[in-house]
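Remarks on the overall topology
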Amino acid sequence: MNYTWNWGIFLEPSPEGVGTYFDMLLVGLKWTIATGACAWVWALVCGSLIGVIRTLPNRWTVGFGNAYVELFRNIPLLVQLFLWYFVLPELVPASIGLWLKQLPNASFFTAVVGIGFFMSARVAEQVRAGIIALPRGQSMAGLALGLTTAQTYRYVLLPMAFRIILPPLTSEFLNTIKNTSVALTIGLIELTARARAIQEFSFQVFEAFTAATLIYLMLNLLITAAMRWLERWVKIPGYGQGK
Amino acid sequence: MSAMITLNNVSKFYGPTFQVLKDCSLTVAKGEVVVVCGPSGSGKSTLIKCVNALEPFESGDITVNGISLKAPGTDLPKLRARVGMVFQHFELFPHLKITENLCLAQQKVLGRSRDEAMTKGEMLLERVGLSQHAHKFPGQLSGGQQQRVAIARALAMDPIAMLFDEPTSALDPEMINEVLDVMVELAREGMTMMVVTHEMGFARKVAHRVVFMDRGEVVEDAETTSFFTEAKSERAQLFLSKILSH
């Protein structure tokens, strides 16, 4: 292999005219974080809602929730992003379609919604599992005190369910961050897209992707550490110590 | 005496064929203590959970303080708020401190202020002898202590009646009495109580009547003394001979 290593590439001015190649990566990282964070919030909100309605004693909400989960988790993420980005604007009335296409940062919003829905199906599955893992007497105790079903979920079931599913939720959060790289296919210039751009401009493919790899790794290790801290913070004294 | 809880021909099915409750009828008068006993699987726990509509039932009706559970427009949360319930497995909320367990429903359901709820909670904790544990979590208490907190939590709602679903069955033997003592005291104060239990000593001491159930049916409903001395049904006699022989 005839390859000239050049780690100094990151300090060289970027072909965009402002900043260095390293600055290019940082801008990409900014978009990765923005997309991942927004998609994660979306996934948490929708996923919690769907997870909850799948545990209600109502076969319509359960059926809707099940259909939602099966729909969003059984279609590849890439296909879902293409559907949102290329197909949806053609299906809606022309004026709305045009508005969608002309939206500034359309690929960012599409990525947030697409990845958000995709991940929400997985979050919904976790939330449901967390709720049904609780003893049935817990919801009975809430109801017996006169709490409404909504209050029982809010004050009794969900605080425990979320504690139980924190470790798997950490994995889903990391998956959300990693899945943002797929958004480069709809034109979002996030971290992976930036690494590719560096490769195309400078031909330093190994340096570019090594840097991207390390940045992803550091970002996700940071998130893991934060989630571990959260787990410790919400830990209940005396609970779950083998009784 | 007027009726606090009335069950009229309550029937409940699991699936199309298995009937857990068969035309159960009984009355608990105001201020009365009724013990419900019977072998495992006889439907006692299901029956008591029907009383505050935690278990749905297919036919018959239950009225609590004159309000029918089956009548359209009955506000179930409001009704449940007035009927205290104590569970076999305590069911304290593990993520909340003891004080929060006591205050949650007072504030969210009855709309009491934080101070009011705390005052009430502390008073009841004192009563069940657990004041020094106010700021612990349920997991840091013993089973008997947790069950006493659960009773205090139910009492904090100023209930008009209390339902006990095998309150001592999950306890270590040496903790049973501390819970029964609280219940005896409550009974002597005139609380209306419906108690599913195997504690025949408790029944003898405070129950006005004993209801014996078997296979989903109310087999016997008698005054306490006559239940223990001259149970009419063979099934009840057999049950008593087995549990009272030691």
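Reference entry: report on the structure contained in this document.

What counts, and at which threshold
- Residues numbered from 1 in each chain as written.
- Chains lettered and ligands numbered in written order.
- Predicted model: local features only at pLDDT ≥ 70, side-chain atom pairs only at ≥ 80, totals over all residues.
- Heavy atoms only, no water.
- Helix = DSSP H or I, 4+ residues; strand = E, 2+ residues; numbered from the N terminus.
- Rg over C-alpha atoms; globule rule 2.2 N^0.38 Å.
- Buried < 20%, exposed > 50% of the residue type's maximum accessible area, 1.4 Å probe, protein only.
- Contact = heavy atoms within 4.5 Å.
- Areas by Shrake-Rupley, 256 points an atom, 1.4 Å probe, with all protein chains shown as cover.
- Lys, Arg positive; Asp, Glu negative; His and termini not counted.
- Charge placed at Lys NZ, Arg CZ, Asp CG, Glu CD.
- Pairing = 2+ DSSP bridges.
- Core = buried A, V, L, I, M, F, W, Y, C linked by side-chain atoms within 4.5 Å.
- Buried area = accessible area lost by both parts, 1.4 Å probe.
- Salt bridge = Lys/Arg side-chain N within 4 Å of Asp/Glu carboxyl O.

1. Some remarks on the overall build of chain B
Within chain B one finds nine helices and ten strands. Here the C-alpha atoms of chain B give a radius of gyration of 18 Å, agreeing with the 18 Å that 2.2 N^0.38 yields for 246 residues. Based on the C-alpha atoms only, the size of chain B along its principal axes is roughly 50 × 50 × 35 Å. Counting the 246 residues in chain B, one finds 57% classified as buried. Partitioning the contacts of chain B with sequence separation of at least 6, the portion at a separation of at least 24 is 65%. Of the roughly 10,400 Å² of accessible surface on chain B, 49% is carried by carbon and sulfur atoms. Taking the 26 positively charged and 29 negatively charged side chains of chain B as two groups, their mean positions are separated by 3 Å.

2. Concerning the pairing of strand β3 (residues 33-37) of chain B
Residue and element names in this part refer to chain B. Of all the five residues making up β3, five are buried; the element is thus mostly covered by neighbouring parts of the structure. Judged by which residues are buried, β3 turns out to be covered on both faces: V33, V35 and C37 on one side and V34 and V36 on the other are all buried. Across four bridges, β3 lies against strand β8 (residues 193-196) in parallel orientation. For V36, the partnering residue across the bridge sits in β8 and is V196. Pairing of β3 with strand β9 (residues 209-214) involves four bridges; the strand directions are parallel. Note that in β9 the partner of V34 across the bridge is R209.

3. Let's talk about the side chain of A:T192
Residue and element names in this part refer to chain A. Topologically, T192 is positioned in helix α8 (residues 191-202). Residue T192 is classed as buried on the basis of its relative accessible area, which comes to 16%. Discounting residues that sit within four places of it in the chain, T192 has contacts with S181, L184, F209 and Y216.

4. Things to note about the nonpolar core
Judged by nonpolar contacts, the single largest core of 95 residues is most densely connected at B:I5, B:L7, B:L47, B:I62, B:L163 and B:M194. Per element, the largest residue contribution to this core is twelve residues, and it comes from helix α7 (residues 149-179) of chain A. Not counting chain neighbours up to four residues away, the residues in contact with B:L7 comprise B:C24, B:S25, B:L26, B:L47, B:V51, B:D61 and B:I62. Of all hydrophobic cores here, the second largest spans 50 residues; its members include B:A134, B:A150, B:L171 and B:V182.

5. Examining the interface of chain A and chain B
Counting residues at the interface gives 24 residues for chain A, matched by 26 residues for chain B. Across the chain A to chain B interface the summed buried area is about 2,100 Å²; carbon plus sulfur atoms make up 68%. Per-residue buried area on chain A facing chain B is highest for A:M140, A:L145 and A:Y155; these three make up 28% of the total on that side. The interface formed by chain A and chain B holds one salt bridge in total.

6. Remarks on unusual backbone geometry
Phi is positive for A:N105, close to 55°, though the residue is something other than glycine. Note that A:N105 resides in the loop between α4 (94-102) and α5 (106-132). Relative accessible area serves as the criterion here: at 44%, A:N105 is assigned to the partly exposed category. Positioned with a positive phi, B:N65 is a non-glycine residue whose angle comes to about 50°. Relative to the assigned elements, B:N65 resides in the loop between β4 (59-64) and β5 (67-68).

7. Some details on helix α1 (residues 44-51) of chain B
Residues and elements named next belong to chain B. For α1, a buried count of eight out of eight residues is recorded, marking the element as mostly surrounded by other parts of the structure. Buried within α1 we find K44, S45, T46, L47, I48, K49, C50 and V51. A positive backbone phi angle near 60° is found at A53, which sits one or two residues after α1.

8. So, the pattern of salt bridges
For the structure shown, the criterion picks out 20 salt bridges over all chains. Between B:D158 and B:R112 there is a salt bridge whose closest N-O contact spans 2.5 Å. Here B:R112 lies in the loop between α3 (98-108) and α4 (114-127) and B:D158 lies in the loop between α5 (143-155) and β7 (161-165), a separation of 46 residues in the sequence. B:E185 serves as the salt-bridge partner of B:R127, at 4.0 Å between the closest nitrogen and oxygen. Of this pair, B:R127 sits in helix α4 while B:E185 sits in helix α6 (residues 173-188), and the two are 58 residues apart along the sequence. On the accessibility criterion, B:R127 (31% relative accessible area) is partly exposed. Salt bridges linked by common partners bring A:R54, A:E70, A:R73 and A:E125 together as one network.

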